[in-house]
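Structural overview
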Number of protein chains: 2
Amino acid sequence: MANNYLAKSNTSEIPSATISRLVIYLRILEELANNDIREISSEKLATLAQGSAFQIRKDLAYFGTFGTRGAGYTVPTLLRELRRILGLTRQWNVVIIGMGRLGQALADYPRFVHYNYHLSAAVDINPELVNKEFSGLKVEDIRDLSKIIKERMVDIGFLTVPQKSAQEAADALIQAGIKGILNFSPTIITVPDNIHVETVDFLAGLKRISYYIK
Amino acid sequence: MANNYLAKSNTSEIPSATISRLVIYLRILEELANNDIREISSEKLATLAQGSAFQIRKDLAYFGTFGTRGAGYTVPTLLRELRRILGLTRQWNVVIIGMGRLGQALADYPRFVHYNYHLSAAVDINPELVNKEFSGLKVEDIRDLSKIIKERMVDIGFLTVPQKSAQEAADALIQAGIKGILNFSPTIITVPDNIHVETVDFLAGLKRISYYIK
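So, here's what we can say about the structure.

To continue, consider helix α9 (residues 202–213) of chain B. Residue and element names in this part refer to chain B. For α9, which comprises twelve residues, the first-to-last C-alpha distance of 17 Å matches the rise-based estimate of 16 Å (1.5 Å per residue) to within 8%. For α9, the complete set of buried residues consists of F202, L203, A204, G205, L206, K207, R208, I209, S210, Y211, Y212 and I213. Near the N-terminus of α9, the side chain that reaches the backbone nitrogen of L203, with its oxygen 2.9 Å away, is that of D201.

Right, let's get into the interface of chain A and chain B. It is common to give the size of an interface as the accessible area lost on bringing the parts into contact. Across the boundary between the two partners, chain A contributes 72 residues, which contact 72 residues of chain B. Across the chain A/chain B interface, buried area totals approximately 7200 Å², and carbon plus sulfur atoms make up 68% of it. Linking chain A to chain B there are four salt bridges. One salt bridge in this structure joins D201 of chain B and R27 of chain A, with 3.1 Å as the shortest N-O distance. Across the contact surface, chain A and chain B share 20 residue pairs in polar contact (both at pLDDT 80 or more).

Residues and elements named next belong to chain B. Inspection of the secondary structure puts L145 in helix α7 (residues 145–151). On the basis of relative accessibility, which here comes to 3%, the residue L145 falls in the buried class. In this structure, the C-alpha to C-alpha distance between L145 and D124, residues 21 residues apart in sequence, is 9.2 Å.

What follows covers the packing of helix α1 (residues 16–34) of chain A against helix α4 (residues 75–85) of chain A. All names here are of chain A. Interaxial distance between α1 and α4 falls to 9 Å at its minimum, and their mutual angle equals 140 degrees. You can see that α1 and α4 cross each other, and the crossing is left-handed. The residues of α4 that touch α1, namely those facing L22, Y25, L26, L29, E30, L32 and A33, are V75, L78, L79, L82, R83 and I85. For the contact of α1 with α4, the residue count by class is eleven nonpolar, no polar and two charged.

The geometry of α1 of chain A relative to α9 of chain B is characterised by a closest axis approach of 10 Å and an angle of 120 degrees between their N-to-C directions. Looking at the two axes, α1 of chain A sits oblique to α9 of chain B. Judged by the twist between their axes, the crossing of α1 of chain A over α9 of chain B is right-handed. Here S16, I19, S20, V23, L26 and E30 of chain A of α1 of chain A come into contact with α9 of chain B, specifically with A204, K207, R208, Y211 and Y212 of chain B.

Quick notes on the rules
Residues numbered from 1 in each chain as written. Chains lettered and ligands numbered in written order. Predicted model: local features only at pLDDT ≥ 70, side-chain atom pairs only at ≥ 80, totals over all residues. Heavy atoms only, no water. Helix = DSSP H or I, 4+ residues; strand = E, 2+ residues; numbered from the N terminus. Expected span 1.5 Å × (residues − 1). Buried < 20%, exposed > 50% of the residue type's maximum accessible area, 1.4 Å probe, protein only. Polar contact = N/O pair within 3.5 Å; in protein donor to acceptor, adjacent residues only side chain to side chain. Contact = heavy atoms within 4.5 Å. Buried area = accessible area lost by both parts, 1.4 Å probe. Salt bridge = Lys/Arg side-chain N within 4 Å of Asp/Glu carboxyl O. Axes fitted to C-alpha atoms, helices over the stretch in contact; angles between N-to-C directions. Left-handed = near helix turned anticlockwise from the far one by under 90°. Nonpolar A, V, L, I, M, F, W, Y, C, P; charged D, E, K, R; others polar. Parallel < 35°, antiparallel > 145°, perpendicular 65-115°, else oblique.

Interpretation note: all reported values are geometric properties and have no functional meaning in isolation.
Below you can see the structure in the form of structure tokens.
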């Protein structure tokens, strides 16, 4: 889900693919925990993650020693460690930029809170939307973006503006001090090296579906 | 993005992870084509895909022989082959089930058409939404779902109903003959083996962001 494939690759030593797999492991472990499963063998975890036990060990080895070779993993422990590694133990403040239908849908999405993502603000350029409230979130004027981000210590921007305004909105977010952007706009945005962009691509899953049902 | 990690794994011989990587290769090749790049070495493609040249060869080998060892790939040719493999050369008819904010946002999403996904219908249970029109798509009564799917030969359902109605809506889609579901609902749905579900998880990208900016 890296944003711009032609951009230079991440300079960190830990492969981006490892981080993506940690997110998958986390999701599997949460499902296991929800099913009151407390122990899992590395082979079973590998099967669920559609990878290999070796790959899992290698991915986790970047961050320390987890589990016992042969004996597998303790679900609550690995879950806690993955949350820590992924930075999910603190609160992240989020601004939604673009309060059209998608922005409104996101304001109503129930699972952000579960992961400590706090919707701090929502902004739009359209005066007809400003001051309206969606799921308890009042839309503010995009001209106040910089002030909002600084005062409320916002960390992440959800970019849901139309394609043609995406780059401009991203620039405004970065200018105001945002370090991470979740891009819902179906376009590529260019950002400096120190900003992390992830694109939510509705089409990736859809293309997998057409493969399987064709 | 497989839906239920605790469900039995896919019985097909081609790994699910290979299909996910084909989708990534396709996206990279489209970007290359948009930049008028006609040739790419397997090493460069591997770098862009955050994988290895060996992995790409292995993934493609399930479907035939592509490219020349050492010489790399011709972008338009590989692009065409990937589209064919992924089933993107025919039109897929889609119904949106749940025309709340997210359904409305999807009706307005410009890129589906580009990939031959045709929004055939939109249904909702809410009488206040039925007969309303969003981006040219008229909302129909969910009670007509079965008839709509059969008459318009709908292949895929976008599931955007609230969490508590997701399983029921999925069951209705399957009963009516749908073979693929793109699940936007933040919950796990259970489906028979012959139905393919992909879940759009807004949180996966978000978790990667928190790792990188923490």
